[in-house]
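Structure at a glance
One letter stands for each residue in the lines below.
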Amino acid sequence: MTSLNTLNNIKSKKIRVGRGIGSGKGKTSGRGVKGQKSRSGVAIKSFEGGQMPLYRRLPKRGFNPIKQSKIAVINLGDLQNLINNKKINIDEKINIDLLKKTKILRKSINKFKVLSNGNFNSKINIEADYSSKIAKEKIEKAGGQITVKNQS
């Protein structure tokens, strides 16, 4: 036991503030004179001396999920227009890679959904992540085929 006490004393001695003038930390206990920081129980959290605080320098993130999957929506009418303008070939299988390659969709988009708005009468083979029931019926009625990856 005594050896541990001597080791602690060798390392460093605790400064006892407010124990008289002779200690060097008497009277104001090294806190200076008056002011907010001299009082007990006061901590100026995130105050950076007039500099713009870190919590205000960083952008607000709110409730926007970082890893949000961006889903593009393509109507059958738009697909028909692309086929009529010869931007999409009917013989090829239409999927997200083809739409990104032909620059119809942006590179940041991960998935796409086929909706039924507009007139459609082409026989196509399409692979989508999502599809509405009516869009599926319209494609199959025109003689085409649709495969949906994430059926829910």
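Provided above is the structure to which this section pertains.
Quick summary incoming for the structure in this document. Computed from a predicted structure; not experimentally measured.

Definitions and limits used
- Residues numbered from 1 in each chain as written.
- Predicted model: local features only at pLDDT ≥ 70, side-chain atom pairs only at ≥ 80, totals over all residues.
- Heavy atoms only, no water.
- Patch = residues over 30% accessible without salt bridge, like charges linked within 9 Å, V, L, I, M, F, W, Y side chains within 5 Å.
- Areas by Shrake-Rupley, 256 points an atom, 1.4 Å probe, with all protein chains shown as cover.
- Salt bridge = Lys/Arg side-chain N within 4 Å of Asp/Glu carboxyl O.
- Helix = DSSP H or I, 4+ residues; strand = E, 2+ residues; numbered from the N terminus.
- Buried < 20%, exposed > 50% of the residue type's maximum accessible area, 1.4 Å probe, protein only.

1. Re a nonpolar patch on the surface
- Together, Val42, Ile44 and Phe47 make up a nonpolar patch on the protein surface, roughly 260 Å² of accessible area in all.
- Within the element layout of this structure, Phe47 appears in the loop between helix H1 (2-11) and helix H2 (54-57).

2. Some points on the pattern of salt bridges
- With the rule as written, the count across this model stands at four salt bridges.
- Between Lys93 and Glu127 there is a salt bridge whose closest N-O contact spans 3.5 Å. Residue Lys93 is located in strand S2 (residues 93-94), and its partner Glu127 is located in strand S4 (residues 125-128); the two are separated by 34 residues in the primary sequence.
- Of the charged contacts, one joins Asp129 and Lys149 as a salt bridge, the two residues approaching to 3.8 Å between their closest N and O atoms. Linking Asp129 in the loop between S4 and strand S5 (130-131) with Lys149 in the segment after strand S6 (145-148), this pair joins segments that are 20 residues apart in sequence.
- Note on Asp129: relative accessible area 5%, which makes it buried.
- Residue classification places Lys149 among the partly exposed positions, given a relative accessible area of 44%.

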